[in-house]
Structure formats: structure tokens, C-alpha cells
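Take a look at the letters that make up each chain.
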Amino acid sequence: MTAPATTRPPRRRGRLGVHLFLSAVSLGFLAPLLLAVYASLRPYEETAAHGYFSLPRHLSFAYYRQALTDSGMGRYFLNSLLIAVPGVLLTLFLASFVAFAVSRLRIRGGLALLMVFTAGNLLPQQVIVTPLYVLFNKVPLPYWMSDSRMMYDSYWAVIAVQIAFQLGFCVFVLAQFMRTLPREILEAAIVDGAGVWTRYRRVTLPLCRPALAALGTLQFTWMYNDFLWGLVFLSDGDKLPVTSALNNLRGQFFTDHNLLAAGSVLVALPTVVVFLLLQRHFLAGLTLGASKG
């Protein structure tokens, strides 16, 4: 006798509805980006005559070449990297220290300390623009750190503010993640004679790699895309971040929005590259703990 063939259970109609809903939401988020890419490949005369939603008659990358040359975007890209890369590394380094102390060392007032760091994210950034502007104009720096000899008009001012505002979020996320790590691992390290620094650097940090990668991706995106702090604390136009380079593509009496779309796509490329490079770790960091009760 042959065993009866097993049939797959029918798919639920609700699952199809969920997939359709998620596809529609994803398309809604991607629509502005796709429209910007589409517009950047068409000449302005064509879209002015037939509209942005018309079929293309001529496609080219001429606007991308023009955006790179007219705005001096290469220098501004470097400025953004000089702000975002040190800012991300220092933020994760300091946040991992605080999170380890709060979640693993059981220090007195650890919960209150975590609440203070988290509450810092609730402060509106615009409230402290004027006090920081006055403060940075009074903080001296050596010439090798700032050619203006002051904190103002230096990358350090923007980096310091970025770290201050992003540190609380990173401490909160890392502390919650470190609490999910098996305590037996640290107890075994203590039995083997590992000190606090060894437990932090050789035991805890390797286990936090997915969380650090996820936070690093988010922090790079936020710091790289920031426009406010660079505009407030950098007076030298050659030091401004790449988000300000888009202003150079605006004419005095006329703005070619297709050229502006090409510049916007170029500005967004580094964040896309970072996400693609860290995609595996980023997704792992987002899904950690999803199956735990």
C-alpha cells in the first residue's frame, strides 16, 4: 500500500491581503525616490512640456555630471564623511561603555543614569542652538584642531552636538540588548579571572556586533543627512556638509528641478551603500529577540 499523498494546506486569504498592503506601503515610500530618479534622467524642457508623469523621449546622465561639477559636490562629500564617520565611531564607543556599566556592572543609580541619557532625546534641538552658538564661540582649540582657533567653525562643534544628541538613544538600545545576553558567559569569564575591561572588550562587544551594526547604520544616516548643525556652527562655506551643496544647484531666478533631483540622488547614494554593506548585520540586529517570550 502506498501512503496517501500529503497536500499542502491552503494559504490563508489574510496573508495575501497582508502582502498586498505591505507592497502598497513599500511602493508609497519608494514613489518619491523613483520619481526623483526618473526626473533626473530627463531634460527639463521635456518635463515642462509634457509633465513629470509622461513617457520619456530622451534619457541621459547629463544632469548627474552637471550636478557633480556645478556644485563642487566632491568636497562636500568629504566634509560629511569627516563629520559622520568620527561621530558614529565615538557615539558607539561611548554608548557601549555606558550601556555595559548600566546593564552588567549593577552600579548604583544605573536605572536613573539610563533615564537621564534617554531623556536627552526629548529635548528639542532648536532650543539649544543659541546657547551652543555662544558657548562654541568661547571655547578655544589648538590650530591643528581648528584653523579658526575656536570650537565654532570647526568640525568638532558639529561632531560634539551629534554625539550628545545620539548618545542617549544608543545607550538605551545597547543596554536593553546587553541585558538579553546570557549571564553565564560573563560569570564564566569572571571565574577565569577576567577583569572589567576584558569582559567588556573580549566578551560583550563581540556579542553585540549585530546591535552595533544596526545602530551604526542608523547613526550614519542621521548624521550624514543632518543639515541644521552644519549650517549653524560652520561659517566657512568650504566646510559645509553635502546636504548644503544642493543649494548651489539653485539659480537666482530659475531652478532646474530635474538637476536638483539628480543632486539629491547623488547625495543619497552613500547612505544606500552603507546599508547594502551592513544589510546582513542590520537585519540581524532588528530581528534579535523577536522569537523570545
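Refer to the preceding data block for the structure.
A brief look at the structure comes next. (Residues numbered from 1 in each chain as written. Predicted model: local features only at pLDDT ≥ 70, side-chain atom pairs only at ≥ 80, totals over all residues. Heavy atoms only, no water.)

## Here's the deal with the overall build of the protein
- Regarding its fold elements, the protein presents 13 helices and zero strands.
- Along its sequence from the N terminus, the protein presents helices and strands in the succession α-α-α-α-α-α-α-α-α-α-α-α-α.
- Partitioning the intrachain contacts of the protein with sequence separation of at least 6 by distance along the chain shows that 71% fall at a separation of at least 24.
- Summed over its atoms, the accessible surface of the protein is roughly 18000 Å², and 67% of this surface lies on carbon and sulfur atoms. (Helix = DSSP H or I, 4+ residues; strand = E, 2+ residues; numbered from the N terminus. Contact = heavy atoms within 4.5 Å. Areas by Shrake-Rupley, 256 points an atom, 1.4 Å probe, with all protein chains shown as cover.)

## What about the nonpolar core?
- Counting residues in each nonpolar core, the largest one holds 61 residues, and the members touching the most others are Phe136, Trp229 and Phe233.
- Elements supplying a minimum of two residues to this core: helix H3 (62–71), helix H4 (73–104), helix H6 (129–136), helix H7 (155–179), helix H10 (209–225), helix H11 (228–233) and helix H12 (257–277).
- Per element, the largest residue contribution to this core is 13 residues, and it comes from H7.
- What phenylalanine 233 contacts, discounting residues up to four positions off in sequence, is Val129, Leu132, Tyr133, Phe136, Tyr152, Asp153, Ser154, Ala157, Val158 and Val161. (Core = buried A, V, L, I, M, F, W, Y, C linked by side-chain atoms within 4.5 Å. Buried < 20%, exposed > 50% of the residue type's maximum accessible area, 1.4 Å probe, protein only.)

## Structural notes on the packing of aromatic side chains
- This structure, assessed with the given rule, holds twelve aromatic pairs.
- Ring centres 4.8 Å apart and planes at 80 degrees place the aromatic pair phenylalanine 93 and phenylalanine 97 in the edge-to-face group. Highlighted residues: phenylalanine 93 and phenylalanine 97, both in helix H4, separated by four residues, approximately one helical turn.
- Given the relative accessible area of 41%, phenylalanine 93 is considered partly exposed.
- Geometrically, the ring pair formed by tyrosine 133 and tyrosine 152 is edge-to-face, given 5.2 Å between the ring centres and 80 degrees between the ring planes. With tyrosine 133 in helix H6 and tyrosine 152 in the loop between H6 and H7, this pair connects stretches of sequence that are 19 residues apart.
- Relative accessible area serves as the criterion here: at 15%, tyrosine 152 is assigned to the buried category.
- Ring pairing ties together the aromatic residues Phe93, Phe97, Phe100, Trp197 and Tyr200, which thus form one cluster.
- Arginine 75 extends its terminal NZ or CZ atom over the ring of tyrosine 76, reaching a point 4.8 Å from the ring centre. (Phe/Tyr/Trp six-rings, centres within 6.5 Å; stacked < 30°, edge-to-face > 60°. Lys NZ or Arg CZ within 6 Å of the ring centre and 35° of its normal.)

## Some words on the side chain of serine 103
- Along the chain, serine 103 turns up in helix H4.
- Assessed through its relative accessible area of 5%, serine 103 is described here as buried.
- Side-chain polar atoms of serine 103 contact the backbone oxygen of alanine 99, separated by 2.6 Å.
- For serine 103, the residues in contact, after removing those within four places along its chain, are Ala175, Met178, Arg179 and Arg183. (Polar contact = N/O pair within 3.5 Å; in protein donor to acceptor, adjacent residues only side chain to side chain.)

## Let's talk about the side chain of glutamate 46
- Residue position: glutamate 46 is located in helix H2 (residues 44–50).
- Given the relative accessible area of 8%, glutamate 46 is considered buried.
- Of the polar contacts made by the side chain of glutamate 46, one reaches the side chain of arginine 42; its length is 2.8 Å.

## Side note on the environment of glutamine 66
- Looking at the secondary structure, you find glutamine 66 in helix H3.
- Since its relative accessible area comes to 30%, glutamine 66 is described here as partly exposed.
- In the structure, glutamine 66 is positioned 193 residues away from leucine 259 in sequence and 7.7 Å away in space, judged by C-alpha atoms.

## Description of H10
- Here H10 contains 17 residues, and its C-alpha end-to-end distance of 24 Å stays within 8% of the 24 Å for a straight helix at 1.5 Å per residue.
- Judged by how many residues are buried, H10 sits mostly within the fold: twelve of 17 residues are covered.
- Three or more residues of H10 are buried, namely Pro210, Ala211, Leu212, Ala213, Ala214, Leu215, Gly216, Thr217, Gln219, Phe220, Met223 and Tyr224. (Expected span 1.5 Å × (residues − 1).)

## Topic: the packing of H4 against helix H9 (residues 196–207)
- Contact pair H4 / H9: the axes reach a minimum separation of 11 Å and the direction vectors enclose 110 degrees. Looking at the two axes, H4 sits roughly perpendicular to H9. As H4 runs across H9, the sense of the crossing is right-handed. When H4 is examined against H9, the residues Phe93, Ser96, Phe97 and Phe100 are found in contact with a partner set consisting of Val196, Trp197, Arg199, Tyr200, Thr204 and Leu205.
- For the contact of H4 with H9, the class distribution of residues is seven nonpolar, two polar and one charged. (Axes fitted to C-alpha atoms, helices over the stretch in contact; angles between N-to-C directions. Parallel < 35°, antiparallel > 145°, perpendicular 65-115°, else oblique. Left-handed = near helix turned anticlockwise from the far one by under 90°. Nonpolar A, V, L, I, M, F, W, Y, C, P; charged D, E, K, R; others polar.)

## Concerning H6
- Those residues of H6 that fall on the buried side of the exposure criterion are Val129, Leu132 and Phe136. For H6, the arc enclosing every buried residue in end-on projection is 70 degrees, short of the 170-degree limit, so these residues lie on one face.
- For H6, the elements touching its buried residues are H7 and H11. (Arc of directions from axis to C-beta.)

Note that all results are geometric; they support no functional claim without further evidence.
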